[in-house]
Structure formats: structure tokens, C-alpha cells
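Given next are the chains, with one letter for each unit.
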Amino acid sequence: MTGSRARAAKGQGGLLRDRFLDIAGQLIEDGGADAVTIRAVATRAGVTPPAVYLHFASKTELVHATCLRVWQSLFTELEAVSEAVRDPVTALYETCVAYVSFGLRHPSQYLLVTAGPATEASRRNEDACFRYFRAKVAACADAGVPVGSRTETARVLCAGAHGAVSLLVHQERDAWPPDVARYIRRAASASVHGALLTASHPEKPALASVPGPG
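Everything numeric here is computed off the predicted structure, so don't read it as measured data.

The helix and strand inventory of the protein chain stands at nine helices and zero strands. Mapped from its N terminus to its C terminus, the protein chain presents α and β elements in the order α-α-α-α-α-α-α-α-α. About 12,200 Å² of surface is accessible on the protein chain, with carbon and sulfur atoms providing 56% of the total.

This part covers the packing of aromatic side chains. Counted under the stated rule, the structure contains four aromatic pairs. Taken together, Phe 75, Tyr 99, Tyr 110, Tyr 132 and Phe 133 form an aromatic cluster joined through their ring pairs.

Here helix 8 (residues 150-169) crosses helix 9 (residues 180-200) at 160°, and the two axes come no closer than 8 Å. As judged from the angle between their axes, helix 8 and helix 9 are roughly antiparallel. Crossing handedness for the pair helix 8 and helix 9: right-handed. Every residue of helix 9 that contacts helix 8 at Thr 153, Val 156, Leu 157, Gly 160, Ala 161, Ala 164, Leu 167 and Leu 168 is listed here: Tyr 183, Ala 187, Ser 191, Val 192, Ala 195, Leu 196 and Ala 199. When grouped by side-chain class, the residues that make up the contact of helix 8 with helix 9 number twelve nonpolar, three polar and no charged.

Bringing the pattern of salt bridges into the picture now. Inspection of every chain in the model, using the stated rule, returns five salt bridges. Across the salt bridge formed by Arg 150 and Asp 142, the nearest N and O atoms sit 3.0 Å from each other. A relative accessible area of 28% places Arg 150 in the partly exposed class. The exposure class of Asp 142 is exposed, given its relative accessible area of 60%.

Moving on to the UniProt feature "DNA-binding region" (unreviewed entry) in the protein chain. Here the UniProt feature "DNA-binding region" (unreviewed entry) sits at residues 37-56. Taken as a whole, residues 37-56 contains 65% helix and 0% strand, while its terminal C-alpha atoms sit 12 Å from one another.

Per-residue confidence for the protein chain averages 85 on the pLDDT scale, and 86% of its residues sit at or above 70. This model gives residues 1-11 a pLDDT under 50, and the stretch forms eight contacts once residues within four places in sequence are excluded.

Quick look at helix 8 now. Here helix 8 spans 28 Å end to end across 20 residues, near enough to the 28 Å set by a 1.5 Å rise per residue. All of the buried residues along helix 8 are Thr 153, Ala 154, Leu 157, Cys 158, Ala 161, Ala 164, Val 165, Ser 166, Leu 168 and Val 169.

This part covers the nonpolar core. Formed by 60 residues in total, the largest nonpolar core has its most connected members in Val 41 and Tyr 99. Lining this core are residues from two domains, each supplying at least three of them: domain 1 (12-56) and domain 2 (68-200). In this view, Val 41 contacts Phe 20, Ile 23, Ala 24, Leu 27, Val 36, Val 52 and Leu 62; residues no more than four positions away in its chain are not counted.

Take Thr 66: it is sitting in helix 4 (residues 59-82). The buried category is assigned to Thr 66, whose relative accessible area is 2%. Discounting residues that sit within four places of it in the chain, Thr 66 has contacts with Leu 21, Ala 24, Gly 25 and Ile 28.

Looking at where Ile 28 falls in the secondary structure, it is placed in helix 1 (residues 13-31). Judged by relative accessible area, which is 0%, Ile 28 ranks as buried. Residues Ile 28 and His 106, spaced 78 residues apart in sequence, show a C-alpha to C-alpha distance of 9.6 Å. Those residues in contact with Ile 28, other than ones at most four positions away along the chain, are Val 36, Val 63, Thr 66, Cys 67, Ser 108, Gln 109 and Leu 112.

Moving on, we get to the packing of helix 5 (residues 88-105) against helix 9. Here helix 5 crosses helix 9 at 135°, and the two axes come no closer than 9 Å. Put simply, helix 5 runs oblique to helix 9. Considering the relative orientation of helix 5 and helix 9, their crossing is right-handed. When helix 5 is examined against helix 9, the residues Val 89, Leu 92, Tyr 93, Cys 96, Val 97, Val 100, Ser 101 and Leu 104 are found in contact with a partner set consisting of Val 180, Ile 184, Arg 185, Ala 188, Ser 189, Val 192 and Leu 196. Taken together, the residues that form the contact of helix 5 with helix 9 break down as twelve nonpolar, two polar and one charged.

What counts and what doesn't
Residues numbered from 1 in each chain as written. Predicted model: local features only at pLDDT ≥ 70, side-chain atom pairs only at ≥ 80, totals over all residues. Heavy atoms only, no water. Helix = DSSP H or I, 4+ residues; strand = E, 2+ residues; numbered from the N terminus. Areas by Shrake-Rupley, 256 points an atom, 1.4 Å probe, with all protein chains shown as cover. Phe/Tyr/Trp six-rings, centres within 6.5 Å; stacked < 30°, edge-to-face > 60°. Axes fitted to C-alpha atoms, helices over the stretch in contact; angles between N-to-C directions. Parallel < 35°, antiparallel > 145°, perpendicular 65-115°, else oblique. Left-handed = near helix turned anticlockwise from the far one by under 90°. Contact = heavy atoms within 4.5 Å. Nonpolar A, V, L, I, M, F, W, Y, C, P; charged D, E, K, R; others polar. Salt bridge = Lys/Arg side-chain N within 4 Å of Asp/Glu carboxyl O. Buried < 20%, exposed > 50% of the residue type's maximum accessible area, 1.4 Å probe, protein only. UniProt positions renumbered as here; feature names shortened; annotations may be inferred. pLDDT = per-residue confidence, 0-100. Expected span 1.5 Å × (residues − 1). Core = buried A, V, L, I, M, F, W, Y, C linked by side-chain atoms within 4.5 Å. Domains from an automatic or database assignment.

So this is what it looks like as C-alpha cells:
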């Protein structure tokens, strides 16, 4: 049935590009980046491979465009959960919850952007994430939280949030905690409290500082 391949109507190139991204996204969800090929995307879209190449020069470009489109939605989610929260520390916590939740909902895309082959697009995305978290840390500092170096504190915070995602997305899902929501909340709380509390007092932990059983 190759003769029935659809052609994009004039002015519909953007819609076709979005269709390719939708298909590639589903392929990534189902089988990771290895499942994405130009031919597979073209077949599902009902077009020939050259139609895909008009929008993406290579499989790598298609995969990264797909992942970065998903990541763009992250910032919308982060703003949605924190914009109505007045307390900056609570807003920072909600931001971390949203970030870890996002990473666990999109494990393949998360890995491809953060641990896959580096591209200029992925570097820009990582920089945008860091700047976003640094702005939230700065809001805490402006409210009187003694964070010392805002950049260093943001790095520590990002290390905690990123580590919470990476620990699970590198494992099979049956190895994840039974209560993922609780894990996310604890990880976010540990990241925020750890980064802020140690910003001005980075002392070595001691047994005496750990609360005993209630």
C-alpha cells in the first residue's frame, strides 16, 4: 500500500512535524531510543522516510527534539505548583516534588537528556533547569534564609533532586519503592532541607544531631 502514503497539505508542515514527535515519543516510551528509527516513524505516520528527513536531519535530532519537547512541559509544571505558594521554602519543596515526579513519569526521556549523548540542546536544557532552581534558592535568600552562596546551594539542591530520579530510572520498575509518592516527598524534603540547612553550617553529621526514637 505504499502508493497510498499521505502527503502533507500546503501549510501543514508544522502539524506533520508534531505528529512525528508524537510518534517518536510513544516509541521512546515503549522501547527507549533504540525503538526510534526514521522508517518506523514514517510508517506509523503513513508517509515515506524522506518526509521525516524534511523536518529532522537524523534520528539523533528527532530523538532529542522529542525529549526536549517533553522537558519543555516541565517548566510549566514547576510554575503551576509553586506560583500560588507564598512561602519560598515551601515553593522550593513543591518545585522539587514536581521535578522528581516529572523524571519518574518520563524515565526514558529523562535519561536521554541527562545521561545520553550530549548535545547543545540538552546542555541548554540542563542550564535552564539549574537557573530555575537557583532563582528559587535566591527567593529563599531574599526572604531571610541564610543560604550563603546561592549558586553552591542550588548545585547541592539539584544534586539531591537529580539523584532521587536517577536512582530509580536506572532500575527496573519492579525494584522501585512500593510507595513512590512517599519516596518523592522524602527525597524532595531531604534535598531542600539538606541544601538550606547546610548552606551556612556545613558541619560533619554526628550521632548527637540525629533525633532518637520518639
